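Topology and contacts: notes
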Amino acid sequence: MESEKPQNPSPMEPQEEGSNKISKKEAAKLERQRRRQEAAAAAAAAATAVSTVSIEESDPLSGNYGDVELNDLQSKAVTGRKWTEVGSVAPEMKDQVVLIRGRVQTIRPVGKKIAFVVVRERGFTVQCVLTVKPELVSSQMVKYATSLSKESIVDVEGVVTIPEKPITGATQQQVEVQISKLYGVNRAVPTLPINIEDAARSEVEIEQALEKGEQLVRVNQDTRLNFRILDMRTPANQGIFRIQCQVENIFRQFLLSEGFVGIHTPKLIGGSSEGGSAVFRLDYKGQPACLAQSPQLHKQMAICGDFGRVFEVGPVFRAEDSFTHRHLCEFTGLDVEMEIKEHYSEVMDVVDRLFVAMFDSLNEKCKKELEAIGRQYPFEPLKYLRKTLRLTFVEGIQMLKEAGVEVDPLGDLNTESERKLGQLVADKYGTEFYILHKYPQAVRPFYTMPCHDNPSYSNSFDVFIRGEEIISGAQRVHVPEFLEKRAGECGIDVKTISTYIDSFRYGAPPHGGFGVGLERVVMLFCALNNIRKTSLFPRDPQRIAP
């Protein structure tokens, strides 16, 4: 797990500890500084050389390369040119002319007449070769290519060929593009705060290098988040956020197919929606207000409005000072609420079908993304059953007790106990995804319905992936008098939620639901060690930028 520190360390600072490694650390740092200075000087010199060439030497092939003028980038004309995505360049396209746009990942000159340029687009890379040829490629064009800085955006036109050996430094290993035209669309600065190759490196690769006495750059978490735009470009991050998109899409499509209606609830509310003090308070035109901790109250009100089954995807705000690997001050909530006919197990049935369908779809349709993530953050595929395991809270604490872990039967599980129970369940039942229900009433929100046979417990549940909670759900109290009593017992000013309670006075069906943290689902499905890896621009107690 990566450490979380308030300080923002220097972009290239290796995370090593121990006084016996100080000299190595300093030496490596100086060496990296020297290399960066040399690279910057080389880039500047190459740019100057190209400029000199263009002035002093006329090049009849100058139309085949160069920086595109701003005027030509201002939607000047529709040319009808056909573009090919880098990830689509394949052996079947042999001898075809393709036009691709991407970022310069690496440039490797070989003498004055050949240069290799690896172009990247959305995580896919292809090797492009520039070779001096009469009436096609000039030596000045090769010089121009070597002047381009990494991460610059370029247009490349060329013929697809099949190399004698697979290209190990590109995702498209069976093809090359023989460049005939090369244009700079937008240049990146010569020296980047972090290099994509460093940001894409796995811990395994770094440790293996250390064993050989080599020092590779480890880009720490704060640095990644400070320069998030660059960090996003790594293949792993491209995979993570595409999978996140799919999780949301599957969630939405599955629920629509089950008769749910998508809604949007307010994020500015008059009082706490969950109880407690962890809310962002603000002034709303002279009235006290806060950011919604969940859509809980309003999605229940939608049920009272006869929508029957509703869901929402939207931001959730928690003002907790939680400096953990799994908490954020703002995250994306996937929320569900539905009428119950007889038993709160009907809600758990939806959870079961939804997530089994979600896991199946991710494994089937996101293989490339999962492979990209696994190369940087190796993980084992999630183990889950076709019919999701359900255990009562009492059964769960009995398993812990038998394993030597004592848990308060009327209290909550702490993080350590949850992880231990996750291990026990995986060993005994062969699943890393399960439901634990009938939690103690004392540890659930005020609107949770108590059990019919023991009011010390409740009709509630949590759902776990790899020993960590991702879902909290329950049957709700729909009787207004009982709801007022419960709110008062939990220290909530009933006046601030009067419209919520009043909605149950006009006739309310039994109902229940659950809330899911989108970032946490992706984090645990991919076995990542920190939720900040699955939040595009994370907000925690110490970070509100970029």
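Here the structure is a predicted model, which means the values were calculated and not measured.

Side note on the overall build of the chain
- Helix and strand counts for the chain come out as 15 helices and 17 strands.
- A total accessible area of about 26700 Å² is found for the chain, and carbon and sulfur atoms account for 52% of it.

Focus on the side chain of threonine 265
- Within the secondary structure, threonine 265 sits in the loop between strand S7 (261-262) and strand S8 (268-269).
- In this structure threonine 265 comes out as buried when scored by relative accessible area, which is 10%.
- A polar side-chain atom of threonine 265 sits 3.1 Å from a polar atom in the side chain of lysine 267.

A short note on the pairing of strand S2 (residues 97-110)
- Across seven bridges, the pairing between S2 and strand S5 (residues 153-161) is antiparallel. Note that in S5 the partner of leucine 99 across the bridge is glutamate 157.
- Looking at chain direction, S2 and strand S3 (residues 114-121) are connected through seven bridges and run antiparallel. Note that in S3 the partner of valine 110 across the bridge is isoleucine 114.

Re the pattern of salt bridges
- One pass over the structure, following the stated rule, counts 37 salt bridges.
- A single network of salt bridges, built from pairs that share partners, joins Lys299, Asp335, Glu337 and Arg476.

Focus: the packing of aromatic side chains
- Tallying each qualifying case throughout the model produces twelve aromatic pairs.
- Both rings, one in tyrosine 500 and one in phenylalanine 504, keep their centres 5.2 Å apart while their planes meet at 85°; by these two values the pair is edge-to-face. Like tyrosine 500, the residue phenylalanine 504 is buried in the burial classification.
- Every member of this aromatic cluster is reached through a ring pair, and the members are Phe355, Phe359, Tyr384, Phe433 and Phe525.
- Positioned above the aromatic ring of tyrosine 439 is the side chain of arginine 444, whose terminal nitrogen or guanidinium carbon lies 4.6 Å from the ring centre.

A word on unusual backbone geometry
- Cis rather than trans, the peptide bond between alanine 545 and proline 546 has omega equal to 0°.
- You can see proline 546 is positioned in the segment after helix H15 (518-525).
- Within the chain, aspartate 95 stands out as a residue other than glycine whose phi angle is a positive 75°.
- Here aspartate 95 lies in the loop between strand S1 (65-67) and S2.
- Even without being glycine, aspartate 306 reaches a positive phi, approximately 70°.
- Its place among the elements puts aspartate 306 in the loop between helix H8 (296-304) and strand S11 (309-317).

Considering H8
- For H8, a buried count of seven out of nine residues is recorded, marking the element as mostly surrounded by other parts of the structure.
- Listing the buried residues of H8 in full gives Gln296, Leu297, Lys299, Gln300, Ala302, Ile303 and Cys304.
- Buried-residue contacts for H8 involve S11, strand S12 (330-339), helix H14 (498-502) and strand S17 (511-517).
- Two residues or fewer past H8, aspartate 306 is found with a positive phi of approximately 70°.

Topic: the pairing of strand S14 (residues 433-437)
- Of all five residues in S14, five are buried; the element is thus mostly enclosed.
- Burial of S14 is two-sided: the residues Phe433, Ile435 and His437 facing one way and the residues Tyr434 and Leu436 facing the other way are all buried.
- Two elements, strand S13 (residues 389-392) and S14, share four bridges in a ladder whose sense is parallel. Counted as the bridge partner of threonine 392 is histidine 437 from S14.
- The pairing of S14 with strand S15 (residues 460-465) spans five bridges and is classified as antiparallel. From the neighbouring strand, leucine 436 faces S15, where its bridge partner is aspartate 462.

Some words on the confidence of the model for the chain
- Looking at the chain as a whole, the pLDDT averages 90, with 88% of positions reaching at least 70.
- Segment residues 1-22: pLDDT under 50, and 53 contacts once partners within four positions in sequence are set aside and those in other chains are kept.
- Scored below 50 in pLDDT, residues 48-56 makes six contacts in the model with residues more than four places away or belonging to other chains.

Section: helix H7 (residues 235-257)
- Spanning 23 residues, H7 covers 33 Å between terminal C-alpha atoms, matching the ideal 33 Å at 1.5 Å per step.
- Glycine 259 sits one or two positions beyond H7 and adopts a positive phi of about 85°.

As for the environment of phenylalanine 241
- With respect to the element layout, phenylalanine 241 can be found in helix H7.
- Its relative accessible area of 15% is what places phenylalanine 241 among the buried residues.
- With residues near it in sequence (within four places) discarded, phenylalanine 241 still touches Arg228, Lys533, Thr534, Ser535 and Leu536.

Calculation criteria
- Residues numbered from 1 in each chain as written.
- Predicted model: local features only at pLDDT ≥ 70, side-chain atom pairs only at ≥ 80, totals over all residues.
- Heavy atoms only, no water.
- Helix = DSSP H or I, 4+ residues; strand = E, 2+ residues; numbered from the N terminus.
- Areas by Shrake-Rupley, 256 points an atom, 1.4 Å probe, with all protein chains shown as cover.
- Buried < 20%, exposed > 50% of the residue type's maximum accessible area, 1.4 Å probe, protein only.
- Polar contact = N/O pair within 3.5 Å; in protein donor to acceptor, adjacent residues only side chain to side chain.
- Pairing = 2+ DSSP bridges.
- Salt bridge = Lys/Arg side-chain N within 4 Å of Asp/Glu carboxyl O.
- Phe/Tyr/Trp six-rings, centres within 6.5 Å; stacked < 30°, edge-to-face > 60°.
- Lys NZ or Arg CZ within 6 Å of the ring centre and 35° of its normal.
- Contact = heavy atoms within 4.5 Å.
- pLDDT = per-residue confidence, 0-100.
- Expected span 1.5 Å × (residues − 1).

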